[in-house]
Amino acid sequence: MSNNLPGKRNPLQTKLWLSNFGLLMTVLKTFVFGIFLVLLYALFGDSFDFQKTPIQSGNRVSNSVAMDDDWDKVENGIHLQTGLIYDANFDIVRAHCTACHSGKLVAQNRATREGWLQMIRWMQETQGLWDLGVNEPKILDYLAKNYAPEEVGRRTNIDVAAVEWYILELENK
Ligand code: HEC
């Protein structure tokens, strides 16, 4: 008399089979979940912009490289990044005058050499600008030459006698 009747497993075998089945299901579930994740990424992956760079089309290879290129360029005598006029003393001025504020703050001002010297002294006394040493005359050369007061502060006066006057007709009914 044996327990091993055909078609009937003994309890140990059943237990083994069940535990293997459980393992198999775990593997299967993991696999299915993996596929689910891959699908999810395939569908929505584009909306996670990990690199924070716009997808480039056309022939621009890399956004940042192209930007840097433009950035340090001189166009029509103006250094684009600082907005300052480019000449022999530009590098010194850039090193000393764009450390605390934009070069545009410099470029939008006009003064004589004396006026520029006063601004520099003011920044040294109140804003912590350092001693410019041997570079000071070069910086002043640059500023006095490139950012001198404009000769013509406003347009020349209209010669009233030479103007041909006409009556402006406004239809106002
Ligand atoms: C240590 C920091 C520092 C450095 C370096 C510096 N500045 Fe300034 N500068 C300042 C501060 C701070 C102000 C005031 C900014 C404001 O008002 O917003 C200023 C203002 C100015 C102004 C505007 C003045 C006004 O009346 O509005 C000019 C022009 C200027 N700086 C030119 C220069 C030049 C030229 C150099 C190089 C020689 C230079 N700065 C270097 C700190 C500095």
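As the structure is a computational prediction, the values presented were derived from the model and not from experiment.

Conventions used here
Residues numbered from 1 in each chain as written. Predicted model: local features only at pLDDT ≥ 70, side-chain atom pairs only at ≥ 80, totals over all residues. Heavy atoms only, no water. Helix = DSSP H or I, 4+ residues; strand = E, 2+ residues; numbered from the N terminus. Buried < 20%, exposed > 50% of the residue type's maximum accessible area, 1.4 Å probe, protein only. Contact = heavy atoms within 4.5 Å. Areas by Shrake-Rupley, 256 points an atom, 1.4 Å probe, with all protein chains shown as cover. Phe/Tyr/Trp six-rings, centres within 6.5 Å; stacked < 30°, edge-to-face > 60°. Near = heavy atom within 4 Å. Polar contact = N/O pair within 3.5 Å; in protein donor to acceptor, adjacent residues only side chain to side chain. Nonpolar A, V, L, I, M, F, W, Y, C, P; charged D, E, K, R; others polar.

Asks: Give me the overall build of the protein: which residues, what numbers.
Replies: Assigned secondary structure in the protein consists of six helices and three strands. When each of the 173 residues of the protein is scored for burial, the buried share is 17%. Here the contacts in the protein between residues at least 6 apart in sequence split such that 43% fall between residues at least 24 apart. As presented, the protein carries roughly 14,700 Å² of accessible surface, and 61% of it is formed by carbon and sulfur atoms.

Asks: Before we move on, could you go through the packing of aromatic side chains and cite the residues and values that matter?
Replies: We describe a pair of aromatic rings using the distance from one ring centre to the other and the angle between the two ring planes. Inspection of the entire model under this criterion finds four aromatic pairs. With 6.2 Å between their ring centres and 25° between their planes, F33 and F36 make a pair best called stacked. Of the two residues, F33 and F36 both sit in helix α1 (residues 11-44), three residues apart, roughly one turn of that helix. Taking the centre distance of 6.1 Å and the plane angle of 50° together, the rings of Y142 and Y147 count as tilted. Here Y142 and Y147 have matching classes, each one buried.

Asks: Tell me about the site of the ligand, and please be specific about residues and values.
Replies: Around the ligand sit 17 residues in total, of which C97, C100, H101, M123 and Q127 are the nearest. Contact distances for the ligand include 2.7 Å between a nitrogen atom and a side-chain N or O atom of H101. Elements that contribute at least two residues to the shell around the ligand include exactly α3 (90-97), α4 (103-107) and α5 (113-126). Residue contributions to the shell around the ligand peak at four residues, all from α5. Of the residues in the shell around the ligand, the class split is 12 nonpolar, five polar and no charged.

Asks: How would you explain the side chain of N146 if you had to name every residue and give the values?
Replies: Relative to the helices and strands, N146 resides in helix α6 (residues 135-146). The residues touching N146, leaving out its near neighbours within four places in the chain, are I85 and D87.

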